[in-house]
Amino acid sequence: YFLSWLALQLYTVIFQSTPLSATIDTFFLPGMLFLILATLNNKNNAALASLLDIFMALNSVLAIYELVSGFRLIPVTAASAKAGVIFFANDWRPSAFMGHPLTGAVVTGAYFLIVLSNYRMRSNWYRFALLALSGLALLAYGGRMALGTTLFCSMCYLAAHGFILLGREPVR
């Protein structure tokens, strides 16, 4: 992984003449994060999972609130070398803590799938509440591709899980 990242750095410097910061943020940091998270024990994993649940629940509530109220904690903007910073005042989609509606939709969709496939959650009600909140936030973000991909992956998971349950011996 890191050798391919190094090759990408060389390609970026030699052929694209762009700063290395984008490739460091995009490719190097996730690899380092994976190595750090792989060393955590069960207690730290549980604390990190709870923190992620709290953050995503707050993010989902904020996204729904932004959609209903029209208030934007982080307004959608774009930077351009020629035009400066452009503010999109008429964008109806919420951004919540993610900074852009499509980023929020992708992250929320991934979180939805994680919660759906995590059978070790505290209780089914807790899991259902997180799924409902994430599903509403996914609709609020307005990311069609993220919504479609999440629904497709959810249906595949539930179909496979249903076939596993059907193949078991009946309980007597």
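Details of the structure are given in the entry above.
Residues numbered from 1 in each chain as written. Predicted model: local features only at pLDDT ≥ 70, side-chain atom pairs only at ≥ 80, totals over all residues. Heavy atoms only, no water.

Participant: Is there a simple way to think about the packing of helix 3 (residues 42-69) against helix 4 (residues 101-117) in this case?
Facilitator: The description of two helices packed together rests on the angle between their axes and the distance between the axes. Two numbers describe how helix 3 lies on helix 4: the axes approach to 11 Å, and their chain directions differ by 130°. Here helix 4 runs oblique to helix 3, going by the angle between their axes. The two elements helix 3 and helix 4 meet at a crossing, and its hand is left-handed. Between helix 3 and helix 4, the contacting residues are Leu52, Asp53, Met56, Asn59 and Ser60 on the first element and Val107, Thr108 and Tyr111 on the second. Counted by class, the contact of helix 3 with helix 4 contains four nonpolar, three polar and one charged residues. (Axes fitted to C-alpha atoms, helices over the stretch in contact; angles between N-to-C directions. Helix = DSSP H or I, 4+ residues; strand = E, 2+ residues; numbered from the N terminus. Parallel < 35°, antiparallel > 145°, perpendicular 65-115°, else oblique. Left-handed = near helix turned anticlockwise from the far one by under 90°. Contact = heavy atoms within 4.5 Å. Nonpolar A, V, L, I, M, F, W, Y, C, P; charged D, E, K, R; others polar.)

Participant: I tried to follow unusual backbone geometry on my own but got confused; where do I start?
Facilitator: A negative phi angle characterises most non-glycine residues, just as the trans form characterises most peptide bonds. Unusually for a residue other than glycine, Ala96 sits at a positive phi of about 50°. By the element assignment, Ala96 lies in the loop between strand 2 (84-87) and helix 4.

Participant: Explain the packing of aromatic side chains to me, please; I cannot follow it from the model alone.
Facilitator: What describes a pair of aromatic rings is the distance from one ring centre to the other and the angle between the planes of the rings. Considering all chains together, one arrives at three aromatic pairs under this definition. For the pair Tyr11 and Phe15, a centre-to-centre distance of 5.3 Å together with 45° between the ring planes defines the contact as tilted. Of the two residues, Tyr11 and Phe15 both sit in helix 1 (residues 2-16), four residues apart, roughly one turn of that helix. Since its relative accessible area comes to 61%, Phe15 is described here as exposed. Their ring planes at 25° and their centres at 5.7 Å tell us that Phe55 and Phe97 sit as a pair that is stacked. Residue Phe55 is found in helix 3, and its partner Phe97 is found in the loop between strand 2 and helix 4; the two are separated by 42 residues along the sequence. (Phe/Tyr/Trp six-rings, centres within 6.5 Å; stacked < 30°, edge-to-face > 60°. Buried < 20%, exposed > 50% of the residue type's maximum accessible area, 1.4 Å probe, protein only.)

Participant: Can you walk me through the side chain of Ser60 in this structure?
Facilitator: By the secondary structure assignment, Ser60 is in helix 3. Looking at Ser60, the relative accessible area reads 1%, which means it is buried. Setting aside residues no more than four positions away along its own chain, Ser60 makes contact with Thr108, Leu133, Ser134 and Ala137.

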